[in-house]
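Take a look at the letters that make up each chain.
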Amino acid sequence: MIAPPDRTPLPRAFFDRPVLEVAPDLLGRVLVRTTPDGPIELRLTEVEAYDGPNDPGSHAYRGRTARNDVMFGPPGHVYVYFTYGMWHCMNLVCGPVGRPSGVLLRAGEILMGADAARKRRLSARNDKELAKGPARLATALDVDRSLDGTDACTGGAGPLSILTGTPVPSDQVRNGPRTGVAGDGGVHPWRFWIANDPTVSPYRAHAPKRRRS
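Residues numbered from 1 in each chain as written. Predicted model: local features only at pLDDT ≥ 70, side-chain atom pairs only at ≥ 80, totals over all residues. Heavy atoms only, no water.

Draft legend 1. Region of interest: the overall build of the chain. Looking only at helices and strands, the chain has four helices and nine strands in total. Relative to a compact globule of 213 residues, whose C-alpha radius of gyration would be 17 Å, the chain shows 16 Å and is just as compact. Seen through its C-alpha atoms, the chain measures out along the principal axes to roughly 55 × 40 × 35 Å. Across the 213 residues in the chain, those meeting the buried criterion constitute 51%. (Helix = DSSP H or I, 4+ residues; strand = E, 2+ residues; numbered from the N terminus. Rg over C-alpha atoms; globule rule 2.2 N^0.38 Å. Buried < 20%, exposed > 50% of the residue type's maximum accessible area, 1.4 Å probe, protein only.)

In structure tokens:
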């Protein structure tokens, strides 16, 4: 018999580590989003690490801005950004204060609250697609910039929290290049996912925009 996921909240110390340690360790953890429609719980199946000043792919690579300010703050907080003029993406801040790094939450399996997620993901063909990709995950969980800076280590007292869940054995973790990252940042194998999980998003290399002739 499979044991149910551990519902103990992850402590802040879990996130106060190097991002390349935190990222694979987040697989199998449970993200809880409290909404007016009830709680939505999601098991993380795919993430990407971004290592601040050491990483050309990171939003914090060139320093602190109004947009990335949360990444420089305490670990365990949520960094939400708006991209392509239409989508939000959600990250969890890692490492000590002043050392900006974070983990992009790329995909997950909805464990509870699928009805609420379906209302926001009407284009999903099945429940495996509800949070299959970072923008889809944020949409399914009703995450936008209003949640930027949210503390996810409050033990359920806030709108977002992280539970211990069921950590994934290392032999089931895979890693490779991050999706859509350009230049030098594209070579880092800092995307981590659970092997053979149907909710993991497909890999796409960066495709430079072509100028119109």
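So much for the structure itself; the text now carries on.
Draft legend 2. Examining the environment of proline 4 more closely. Among the secondary structure elements, proline 4 is positioned in the segment before β1 (6-9). Judged by relative accessible area, which is 66%, proline 4 ranks as exposed. Separated by 81 residues in sequence, proline 4 and glycine 85 have C-alpha atoms that sit 39 Å apart.

Draft legend 3. Molecular detail of unusual backbone geometry. Positive phi, normally seen in glycine, also occurs at aspartate 142, with a value near 55 degrees. Along the chain, aspartate 142 falls in the loop between α4 (134-140) and β7 (160-165).

Draft legend 4. Molecular detail of the packing of aromatic side chains. Tallied over the entire structure, the rule returns two aromatic pairs. Measuring from centroid to centroid gives 5.0 Å for phenylalanine 14 and phenylalanine 15, while their planes differ by 75 degrees, and the two rings are edge-to-face. Taken as a pair, phenylalanine 14 and phenylalanine 15 share a single burial class, namely buried. Both rings, one in tyrosine 79 and one in tyrosine 81, keep their centres 5.7 Å apart while their planes meet at 40 degrees; by these two values the pair is tilted. The pair formed by tyrosine 79 and tyrosine 81 is uniform in burial state, with each residue classed as buried. Of note, arginine 17 hangs over the ring of phenylalanine 14, and the distance from its end group to the ring centre comes to 4.6 Å. The ring of tryptophan 193 carries arginine 191 above its face, with NZ or CZ at 4.3 Å from the centroid. (Phe/Tyr/Trp six-rings, centres within 6.5 Å; stacked < 30°, edge-to-face > 60°. Lys NZ or Arg CZ within 6 Å of the ring centre and 35° of its normal.)

Draft legend 5. Just the pattern of salt bridges, in detail. Across all of its chains, the model carries 20 salt bridges by this definition. Of the charged contacts in the structure, one is a salt bridge between arginine 99 and aspartate 51, with a shortest N-O distance of 3.2 Å. With arginine 99 in the loop between β5 (87-94) and β6 (101-112) and aspartate 51 in the loop between β3 (38-50) and β4 (78-83), the pair connects residues that are 48 residues apart, well separated along the chain. Residue arginine 99 is classed as partly exposed on the basis of its relative accessible area of 27%. Accessibility expressed as a relative area gives 13% for aspartate 51, which makes it buried. Between arginine 64 and aspartate 69 there is a salt bridge, and its shortest N-O distance comes to 2.7 Å. Salt bridges sharing partners connect three or more residues here, namely Arg33, Asp37, Lys119, Arg120 and Asp142. (Salt bridge = Lys/Arg side-chain N within 4 Å of Asp/Glu carboxyl O.)

Draft legend 6. The pairing of β5, seen in detail. Of all eight residues in β5, seven are buried; the element is thus mostly enclosed. Hairpin connection between β4 and β5: a loop of three residues separates the two successive antiparallel strands, and tyrosine 84 in this loop has a positive phi of roughly 55 degrees. With four bridges joining them, β5 and β6 adopt antiparallel strand pairing. Bridging from a neighbouring strand, valine 93 pairs with glycine 102 of β6. Between β5 and β6, which pair antiparallel and follow one another directly, the connecting turn spans six residues, one of which, glycine 95, has a positive phi of 80 degrees. (Pairing = 2+ DSSP bridges.)

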